Amino acid sequence: MTFTEHLEELRSRILKCLAALLAGAVISFWQIDRIVALLTMPVPRLFVMKPAEAFMIYVKLALWSGAILVSPILAWQFWAFLLPAFTSHEKKILGLFVPASVVLFLAGIVFSFTLVLPRGLDFLRSFALGSVQPLWSLESYLDFVILMVVPFGFFFNLPLILLPLAQMGLVDSVKLRRARRYVIVLSFIVAAVITPTTDMVSQTLLAVPIIVLYEVSLLIIRVVLKK
């Protein structure tokens, strides 16, 4: 393929991703009441502070929910664009990576929503005792939920990123162990960038799982390379 043909292919893939995202957002907005009810279960009362706040956060939530709903399509479009660059043997391996990346992405979201998010909310609520009661707005709460849940889907794909690099000889378990201290610092930097506030608790809740997944990836690479 020429450079122009690659650009046309990229344009086609992007348009398909946008169409899938739009369809997912429409379906999610159709069921937005159920989605909001599911996400707000851990909190008994939320408040709307601005006239258009509910509508805008519903639109944002529909986009995120739609992206999660059509994530298999988005993942396939990404890998399909890279497919011509691989050999037939690599394409067979890629056939396993595509569903694995989607499964890990969804597993990360479920893990964060069912385990990390409730414990994080309980920890934050523990500071509101006696005369100090939490008064959370719908927008700030759902923004917090999105930022706590969605990144975990990408973090859970860390083993799939490091494993091919290890098989190509670009990294190994020794190099990864030496880089551990830098990964710890970088994890907190990434968490600080993702988290819109300066809340160290939220940043720690994001950074620690990244470090744990890095250690899991290191262990998997060590076992795979030995075999």
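Residues numbered from 1 in each chain as written. Predicted model: local features only at pLDDT ≥ 70, side-chain atom pairs only at ≥ 80, totals over all residues. Heavy atoms only, no water.

Enquirer: Go over helix H1 (residues 3-30) with me, naming the residues and quoting the values.
Expert: Between its first and last C-alpha atoms H1 spans 41 Å; for 28 residues at 1.5 Å apiece the expected length is 40 Å, and the two agree. Along H1, the residues that are buried comprise Arg 13, Ala 20, Gly 24, Ala 25 and Ser 28. Those residues of H1 hidden inside the fold are in contact with helix H2 (32-39), helix H3 (53-69) and helix H4 (71-82). (Helix = DSSP H or I, 4+ residues; strand = E, 2+ residues; numbered from the N terminus. Expected span 1.5 Å × (residues − 1). Buried < 20%, exposed > 50% of the residue type's maximum accessible area, 1.4 Å probe, protein only. Contact = heavy atoms within 4.5 Å.)

Enquirer: An account of the packing of H2 against H3 is needed here, citing residue identities and associated values.
Expert: H3 packs onto H2 with a crossing angle of 90° between their chain directions and a minimal axis gap of 11 Å. In this view, H2 runs roughly perpendicular relative to H3, as classed from their interaxial angle. Packed against H2, whose contacting residues are Ile 32, Asp 33, Ile 35, Val 36 and Leu 39, the element H3 presents Tyr 58, Leu 61, Ala 62 and Ser 65 at the interface. Grouping the constituent residues of the contact of H2 with H3 by class yields seven nonpolar, one polar and one charged. (Axes fitted to C-alpha atoms, helices over the stretch in contact; angles between N-to-C directions. Parallel < 35°, antiparallel > 145°, perpendicular 65-115°, else oblique. Nonpolar A, V, L, I, M, F, W, Y, C, P; charged D, E, K, R; others polar.)

Enquirer: Could you give an account of the packing of aromatic side chains, naming the residues involved and the relevant values?
Expert: The tally for this structure, following the rule as stated, stands at five aromatic pairs. The interplanar angle of 45° and the centroid separation of 5.5 Å between the aromatic rings of Phe 111 and Phe 156 together place this pair among those described as tilted. With Phe 111 in helix H5 (residues 88-125) and Phe 156 in the loop between helix H6 (138-155) and helix H7 (158-167), this residue pair connects regions lying 45 residues apart in the sequence. Note on Phe 111: relative accessible area 30%, which makes it partly exposed. On the basis of an interplanar angle of 10° and a centroid distance of 6.5 Å, the ring pair of Trp 136 and Tyr 141 is categorised as stacked. Classification of Trp 136 as partly exposed rests on a relative accessible area of 23%. By relative accessible area, Tyr 141 is classed as buried at 3%. What links up through ring pairs into an aromatic cluster is the set Phe 111, Phe 152, Phe 155 and Phe 156. (Phe/Tyr/Trp six-rings, centres within 6.5 Å; stacked < 30°, edge-to-face > 60°.)

Enquirer: Describe the nonpolar core, naming the residues involved and giving the relevant values.
Expert: The biggest cluster of nonpolar side chains holds 30 residues, and the ones touching the most others in it are Leu 61, Leu 117 and Leu 142. The set of elements that each furnish at least two residues to this core consists of H2, H3, H5, H6 and helix H10 (200-226). Looking at this core, the element that brings in the most residues is H6, giving eleven residues. In terms of nonpolar packing, the next biggest core, distinct from the first, is built from eight residues, Leu 163, Ala 166, Tyr 214 and Leu 218 among them. (Core = buried A, V, L, I, M, F, W, Y, C linked by side-chain atoms within 4.5 Å.)

Enquirer: Requested: an account of the packing of H1 against H3, with residues and values cited.
Expert: Where H1 contacts H3, the two axes come as close as 7 Å, and the packing angle between them is 125°. Looking at the two axes, H1 sits oblique to H3. Our pair here, H1 against H3, has a crossing hand that is right-handed. Side by side, H1 and H3 meet where Leu 21, Gly 24, Ala 25, Ile 27, Ser 28 and Phe 29 of the first sit next to Phe 55, Tyr 58, Val 59, Ala 62, Leu 63, Ser 65, Gly 66, Ala 67 and Leu 69 of the second. (Left-handed = near helix turned anticlockwise from the far one by under 90°.)

Enquirer: So what about the pattern of salt bridges? Which residues, and what values?
Expert: This structure, assessed with the given rule, holds three salt bridges. Ionic pairing is found between Lys 60 and Asp 143, a salt bridge with its closest N-O pair at 3.0 Å. Taken together, the positions of Lys 60 in helix H3 and Asp 143 in helix H6 put the pair 83 residues apart, joining distant regions of the chain. Its relative accessible area of 31% is what places Lys 60 among the partly exposed residues. Taking the shortest distance from any N to any O, the salt bridge between Arg 180 and Glu 215 comes out at 2.6 Å. Of this pair, Arg 180 sits in helix H9 (residues 180-194) while Glu 215 sits in helix H10, and the two are 35 residues apart along the sequence. (Salt bridge = Lys/Arg side-chain N within 4 Å of Asp/Glu carboxyl O.)

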